[in-house]
Amino acid sequence: MSDKTVGIVGLGIMGGAIARNLAERGWAVIGFDVDAAKSAALAGDGVRIAGNVSDVARAAKIVLTSLPSADAAATVASEIAASGTTQRIVLELSTLALADKLRFKDTLEAAGHIALDCPLSGTGAQAQARDLVVYASGDSDAIARAAPLFADFARQSADLGAYGNGSRMKFIANHLVAIHNVAAAEAMVLAERAGLDPAQVVEMIGPGAGGSRMFQMRAPMMAARNYQPATMRVSTWKKDMAIIAAFAGSLGCETPLFTLTQPVYAQALAMGLGDSDTAAVFEVLKDAADRA
């Protein structure tokens, strides 16, 4: 087994992009997804597709998991724990509640494995461009061993200390993303009502003091009113927002701006935009402006 062998469970928007980048950079990538179509799409890109989670764990000493839900994470942890392999380092990349991350850790540690909490900051488009930030937390020696891996699919990573700090940092990042995305949509609606050329607004506002990474990434989609392909679906984002709201509530911390964004995303879902990129909140604010 080569030191540059890695397993990836979950080959969706994020996991699939990471798998392709690692394969391009000389890693032997063994992947699995319950969706056969996602696996098939990666098979032609240098990724060896395993038959199940256990096969991934047996083939790779380091395993990444990029999963859509807490139930999926619990199932994968149990399957790795039951695989009968020697000690594995398992990096959980998903955005999940802290209690679910701890359940993942406990299941793996009971079987002799090392779990790391390593959520990612970035969209699917950023994942394709290796423009991710890894918020790694847990065993420092294991994080150090994973550093060469991080360097081949992300632009920055950090050891944030105790397991769970990675998720705490991700919640802060996503809190800002929620606000900046809606702020970008509000600004684009205002610009349209002012008679400005949306393309020029994107070109001139993005690099200036009022710009943000979310404006630079999402305002072009808003200007074009084209929200496909989705780099973060509205339906998935609602799950993340619920986690952040519960986290802030558990700390007794008021988040008035974040709270005000939640009905905007809820309305996007109600308008049938669940499978669209979160840039589609532009449609919610435009509709409200048009009806005013």
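Presented here is an overview of the structure given in this document. (Residues numbered from 1 in each chain as written. Predicted model: local features only at pLDDT ≥ 70, side-chain atom pairs only at ≥ 80, totals over all residues. Heavy atoms only, no water.)

Brief notes about the pairing of strand E2 (residues 28-32)
With four of five residues buried, E2 lies mostly within the body of the structure. In terms of strand pairing, strand E1 (residues 5-9) meets E2 through five bridges, oriented parallel. Looking at the pairing, Val-6 lines up with Val-29 of E2. In this view, the connection linking E1 to its parallel neighbour E2 by way of helix H1 (residues 13-24) has right-handed handedness. Alignment of E2 against strand E3 (residues 47-49), held across three bridges, turns out to be parallel. Residue pairing in the sheet places Val-29 in a bridge with Val-47 of E3. (Buried < 20%, exposed > 50% of the residue type's maximum accessible area, 1.4 Å probe, protein only. Helix = DSSP H or I, 4+ residues; strand = E, 2+ residues; numbered from the N terminus. Pairing = 2+ DSSP bridges. Right-handed = clockwise from strand over helix to strand, strands pointing away.)

Let's talk about the pattern of salt bridges
Under the definition given, this model contains 15 salt bridges. Lys-286 is the partner of Glu-192 in a salt bridge, and the nearest nitrogen-oxygen pair spans 2.8 Å. With Glu-192 in helix H8 (residues 165-193) and Lys-286 in helix H13 (residues 281-291), the pair connects residues that are 94 residues apart, well separated along the chain. Here Lys-286 falls in the buried class, since its relative accessible area comes to 12%. We note a salt bridge from Arg-291 to Asp-287, for which the minimum N-O separation is 2.9 Å. In this pair, Arg-291 and Asp-287 are both assigned in helix H13, four residues apart and thus about one turn of the helix distant. (Salt bridge = Lys/Arg side-chain N within 4 Å of Asp/Glu carboxyl O.)

Some words on the environment of Gln-200
With respect to the secondary-structure elements, Gln-200 resides in helix H9 (residues 198-205). Judged by relative accessible area, which is 48%, Gln-200 ranks as partly exposed.

Topic: the environment of Pro-207
Mapping Pro-207 onto the fold places it in the loop between H9 and helix H10 (213-224). For Pro-207, a relative accessible area of 64% gives the class exposed. Excluding residues that lie within four positions of it along the chain, Pro-207 makes contacts with Val-202 and Gln-216. (Contact = heavy atoms within 4.5 Å.)

Looking at the packing of aromatic side chains
With the rule as written, the count across this model stands at three aromatic pairs. Over the aromatic face of Tyr-163 sits the side chain of Lys-105, whose NZ or CZ is 5.6 Å from the ring centroid. (Phe/Tyr/Trp six-rings, centres within 6.5 Å; stacked < 30°, edge-to-face > 60°. Lys NZ or Arg CZ within 6 Å of the ring centre and 35° of its normal.)

Some words on the environment of Gly-211
Position of Gly-211 among the secondary structure elements: in the loop between H9 and H10. Residue classification places Gly-211 among the partly exposed residues on the basis of a relative accessible area of 25%.

Quick look at the sheet that holds strand E9 (residues 156-159)
Remark on secondary structure: sheet strands pair via backbone hydrogen bonds, oriented parallel or antiparallel. Strand order across the open sheet formed by three strands is E7-E8-E9, with mixed pairing between neighbours. The open sheet has two edge strands, strand E7 (120-121) and E9, and neither has a second partner. The pairing of strand E8 (residues 133-136) with E9 spans four bridges and is classified as parallel. The residue of E9 that forms the bridge with Val-133 is Gln-156. With respect to the sheet, H8 is in contact with E7 and E8, its orientation differing from that of E8 by roughly 140 degrees. (Axes fitted to C-alpha atoms, helices over the stretch in contact; angles between N-to-C directions.)

Observations regarding the layout of surface pockets
Taken as a whole, the second largest pocket spans an internal volume of roughly 200 Å³. Lining of the second largest pocket is provided by 10 residues; of these, Asp-3, Lys-4, Trp-27, Ile-62 and Arg-145 occupy positions nearest its centre. Sorting elements by how many residues they give to the lining of the second largest pocket places helix H7 (residues 140-151) first, with three residues. By residue class, the composition of the lining of the second largest pocket is four nonpolar, two polar and four charged. (1 Å grid on protein atoms, 1.4 Å probe; cavity = no way out; pocket = protein on both sides within 12 Å on 5 of 7 lines; lining within 4 Å. Points joined across faces, edges and corners; volume = space filled by probe spheres on them. Nonpolar A, V, L, I, M, F, W, Y, C, P; charged D, E, K, R; others polar.)

Digging into unusual backbone geometry
In this chain, Gln-228 is followed by Pro-229 through a cis amide linkage whose omega measures -5 degrees. Its location among the elements puts Pro-229 in the loop between H10 and helix H11 (234-250). A positive phi angle, close to 60 degrees, is found at Arg-130, a residue other than glycine. As for its position among the elements, Arg-130 is in the loop between helix H6 (124-128) and E8.

Quick notes on H10
Helix length check: H10 (12 residues) gives 18 Å between terminal C-alpha atoms against 16 Å at 1.5 Å per residue, within 8%. Taken residue by residue, H10 has Met-214, Phe-215, Arg-218, Ala-219, Met-221 and Met-222 as its buried positions. The arc that holds the buried residues of H10, viewed along the axis, is 165 degrees, so those residues lie on one side. Of the residues trailing H10, Arg-225 is marked for its positive phi of about 55 degrees. (Expected span 1.5 Å × (residues − 1). Arc of directions from axis to C-beta.)

Focus on the sheet that holds E3
Taken in spatial order, the six strands make up an open sheet running E3-E2-E1-E4-E5-E6, and their pairing is parallel. Edge positions in the open sheet fall to E3 and strand E6 (114-117), since each of these has one partner strand only. Sheet twist, expressed as the mean angle between neighbouring strand axes with direction ignored, is 25 degrees. Pairing of strand E5 (residues 89-92) with E6, which is carried by four bridges, proceeds in the parallel orientation. Of the residues in E6, the one forming a bridge with Val-90 is Ala-115. Contacts from H1 reach E1, E2, E3 and strand E4 (62-65) within the one sheet, and its direction differs from that of E1 by about 165 degrees. Strand contacts of helix H2 (residues 36-43): E2 and E3, with the helix running at about 140 degrees to E3, the strand carrying the most contacts.

What is shown is where atoms sit, not what they do.
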